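Listed below, chain by chain, are the residues.
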Number of protein chains: 2
Amino acid sequence: MVAALVGDPARANMLTALMTGRALTASELAQEAGITAPTASSHLSKLEAGGLIEPEKQGRHRYYRLTGPDVAGVLEGLAGLAARAGHLRVRTGPKEPALRHARICYDHLAGDLGVQMLDSMRAQKLIRQTKQTIELTTQGSRFVAEELRIDPATLAHPRRPVCKACLDWSERRHHLAGTLGAAIMTSFTTMKWAARDPSPSSRVVHFTRSGERRFEALFGTTGDAIRKT
Amino acid sequence: MVAALVGDPARANMLTALMTGRALTASELAQEAGITAPTASSHLSKLEAGGLIEPEKQGRHRYYRLTGPDVAGVLEGLAGLAARAGHLRVRTGPKEPALRHARICYDHLAGDLGVQMLDSMRAQKLIRQTKQTIELTTQGSRFVAEELRIDPATLAHPRRPVCKACLDWSERRHHLAGTLGAAIMTSFTTMKWAARDPSPSSRVVHFTRSGERRFEALFGTTGDAIRKT
DNA sequence: GAGATACTTCGATTAGCGTCGAAGTATGAA
DNA sequence: TTCATACTTCGACGCTAATCGAAGTATCTC
């Protein structure tokens, strides 16, 4: 029974944490629910078996998200019923405001700007995304050559895909990885649009004044997305 | 937590039995869930405390119904989620086809025709119903005097209301009780519109050919409601 | 009035499941 | 390769809650 899955307090906490639509790791969900990792693992496999959540493996992390908006809808309905009886529930905000704007993820751009770039490229039909695989369109090849000074021929690699969707740990949405993601980050650096923070352990990426303007020209929406924190 | 209430199999069976919108007694719900009366009583009080169901006391019976369509909506949503995982649920049909059309409930008319009559009287504004209390309108007083040969002055009683909504055990909707309900049934009998079944233990009410026609003329809809069984 | 029915409360039993520590597997970092 | 991190599996413990029999209360029937 599905309702029994939602009935347990620990699982309910996990599910409400996922109600934002963003994906969360198993450890984070464990912390959200106030339980240890083994317990969380057990709960997560049950929720997955019940079809409420689905995992996405990312290195040694396992990101979980709700399987669809219908699940969120039912959970919302249950919360509405609970509200009539006087119960309530609170959600804690995110953390780490510094790194959220722009940072290095391995060798490519992550954070708000990374997510925004992938969204924009998808909208401009520079890439074609089907499920998990992403590939550059012919229009996209021309774009990276002209605007970013990247030779598409240099992107091929025997063991690494050109394009790959990578889950962003601050936004919990995808940004662009793969050899193209790395090449774009390199281009940003060589063109002096951006630079990594000088301190050795920091992953923050600083955009220059003109770099941010050019980035906006290529991948900008209305600009709201960038300045939202 | 509300979901925990729905999570228990016994309670889930009860709730799905109530999904038809009709009210069921505690014993019936116990049988639906396959549990004994004490267990059912415990579950029902929990569901009531959670605001999912509400009781209506009727003599020594307690009829339970869902508190609202929103509850049914959420339950339906949960069932939809469960369906994706391969689970399913069946509902059994009603029983006792003989008594459903017209029968005596204490001293007044019940069954399909009883429900239909109350509905029609409400629609014709012969009665005014606010929550649990029902009263005859001036238009209704004239109606019962002229059409049913009932003197409205004789209906007053020190300990019994003139009009009362009574839950119908076959239709699980209200029909008219109270002194007016009794007087109307008496009128039907004296006017030879209907008569109780001769066998002593039977509660069936037989309408005559002309009686059913007159009843239809006063309280008829399209006639579909009567012949639906 | 006495008896029957519908339901509730009480108390004791039991089973299921959430919980965690410890050990095992996989992936990334050095 | 070696170490660290993220997660899973295993085994054992403990607690909640579902369950039912027996007794109690309310209501209808005769």
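Residues numbered from 1 in each chain as written. Chains lettered and ligands numbered in written order. Predicted model: local features only at pLDDT ≥ 70, side-chain atom pairs only at ≥ 80, totals over all residues. Heavy atoms only, no water.

Chemist: Which parts of the structure should I look at to understand the protein's contact with DNA strand C?
Modeler: Near DNA strand C you find 23 residues, and of these A:D8, A:H43, A:K46, B:S27 and B:S41 are the closest. Residue A:K57 places a side-chain N or O atom 3.1 Å away from a phosphate oxygen belonging to DNA strand C. In the environment of DNA strand C, a sugar or linking oxygen lies 3.1 Å from a nitrogen or oxygen atom belonging to the backbone of B:R60. Looking at the surface near DNA strand C, the elements with two or more residues in it are α2 (9-18) and α4 (37-49) of chain A together with α3 (26-33), α4 (37-49) and β3 (61-66) of chain B. Class assignment for the residues of the surface near DNA strand C results in eight nonpolar, eight polar and seven charged. (Near = heavy atom within 4 Å. Polar contact = N/O pair within 3.5 Å; in protein donor to acceptor, adjacent residues only side chain to side chain. Helix = DSSP H or I, 4+ residues; strand = E, 2+ residues; numbered from the N terminus. Nonpolar A, V, L, I, M, F, W, Y, C, P; charged D, E, K, R; others polar.)

Chemist: Please clarify how helix α3 (residues 26-33) of chain A should be interpreted in this entry.
Modeler: Since the α-helix advances by 3.6 residues per turn, residues separated by three or four positions end up pointing in the same direction. Residues and elements named next belong to chain A. Among the residues making up α3, those that are buried are L29, A30 and A33. Relative to the axis of α3, the buried residues are bounded by an arc of 105° and lie together on one face. Residues S27 and Q31 are exposed on α3 and point more than 90 degrees away from its buried face. Its buried side turned inward, α3 meets α2, β1 (24-25), α4 and β3 (61-66). Looking one or two residues past α3, G34 carries a phi angle of roughly 70°, positive in sign. (Buried < 20%, exposed > 50% of the residue type's maximum accessible area, 1.4 Å probe, protein only. Arc of directions from axis to C-beta. Contact = heavy atoms within 4.5 Å.)

Chemist: So what exactly am I meant to see when it comes to the nonpolar core here?
Modeler: Nonpolar side chains in soluble globular proteins tend to be buried together. By size, the foremost hydrophobic cluster in this structure holds 54 residues, and its most contacted members are A:L52, A:I53, B:L52 and B:I53. Discounting residues that sit within four places of it in the chain, A:I53 has contacts with A:L15, A:L18, A:L44, A:L47, A:E48, A:Y64, A:R65, A:L66 and A:T67. (Core = buried A, V, L, I, M, F, W, Y, C linked by side-chain atoms within 4.5 Å.)

Chemist: What should I look at first to understand the interface of chain A and chain B in this one?
Modeler: One frequently used descriptor of interface size is the decrease in accessible area upon assembly of the parts. Taken together, the 20 residues of chain A in the interface contact 20 residues of chain B. Of the roughly 1,800 Å² buried at the junction of chain A and chain B (both faces included), carbon and sulfur atoms supply 73%. Inspection of the chain A/chain B interface yields zero salt bridges. Secondary structure elements with two or more residues in the side of chain A that touches chain B: α1 (2-7) and α5 (69-84) of chain A. For the side of chain A that touches chain B, the element with the most residues is α5(A), which contributes eight residues. In terms of residue class, the side of chain A that touches chain B is built from 13 nonpolar, five polar and two charged. (Buried area = accessible area lost by both parts, 1.4 Å probe. Salt bridge = Lys/Arg side-chain N within 4 Å of Asp/Glu carboxyl O.)

Chemist: How should I be thinking about the relation of the copies chain A and chain B in this particular structure?
Modeler: Both copies of the chain are related by one operation, a rotation about an axis with a shift along it. When chain A is fitted to chain B, the best match, at an RMSD of 0.3 Å, comes from turning it 179° and sliding it 0.2 Å along the axis. Taken together, the turn and the small shift mark the pair as related by a two-fold rotation axis. Comparing interface residues between copies, 100% of those in chain A also sit at the interface in chain B, which points to an isologous, same-surface contact. (Least-squares fit on C-alpha atoms with pLDDT ≥ 70 in both.)

Chemist: Looking at this model, I keep getting lost on the confidence of the model for chain A. Mind explaining?
Modeler: Detailed reading of the predicted coordinates is not advisable wherever pLDDT is low. Residues and elements named next belong to chain A. Looking at chain A as a whole, its pLDDT mean stands at 81, while 82% of the residues score no less than 70. The weakest mean pLDDT in chain A belongs to strand β8 (residues 164-167) at 74; the strongest belongs to α4 at 95. Considering only residues more than four positions removed or in separate chains, one finds that residues 87-96, a stretch of pLDDT under 50, has 11 contacts. (pLDDT = per-residue confidence, 0-100.)

Chemist: It is not clear to me how the packing of aromatic side chains should be interpreted in this structure. Could you clarify?
Modeler: All chains considered together, the criterion is met by 12 aromatic pairs over all chains. Look at A:F188 and A:W193: their rings are 5.4 Å apart centre to centre, the planes differ by 15°, and that puts the pair in the stacked class. The pair formed by A:F188 and A:W193 is uniform in burial state, with each residue classed as buried. Aromatic side chains B:F215 and B:F219 sit 5.2 Å apart centroid to centroid with 55° between the ring planes, which places their arrangement in the tilted category. With a gap of four residues between them, B:F215 and B:F219 both fall in helix α9 (residues 209-219), about one helical turn apart. (Phe/Tyr/Trp six-rings, centres within 6.5 Å; stacked < 30°, edge-to-face > 60°.)

Chemist: Explanation requested: the sheet that holds β1(A) in the structure shown.
Modeler: Either a parallel or an antiparallel arrangement is found when strands of a sheet pair, and the pairing is made through backbone hydrogen bonds. All names here are of chain A. The antiparallel open sheet is built from three strands, whose spatial order is β1-β3-β2. Sheet topology places β1 and β2 (53-58) at the edges, where each strand pairs with a single neighbour. With six bridges joining them, β2 and β3 adopt antiparallel strand pairing. Within the sheet, the bridge partner assigned to K57 lies in β3 and is R62. Against the sheet, α2 makes contact with β1, β2 and β3, and its axis sits at roughly 80° relative to β3, the strand it touches most. (Pairing = 2+ DSSP bridges. Axes fitted to C-alpha atoms, helices over the stretch in contact; angles between N-to-C directions.)

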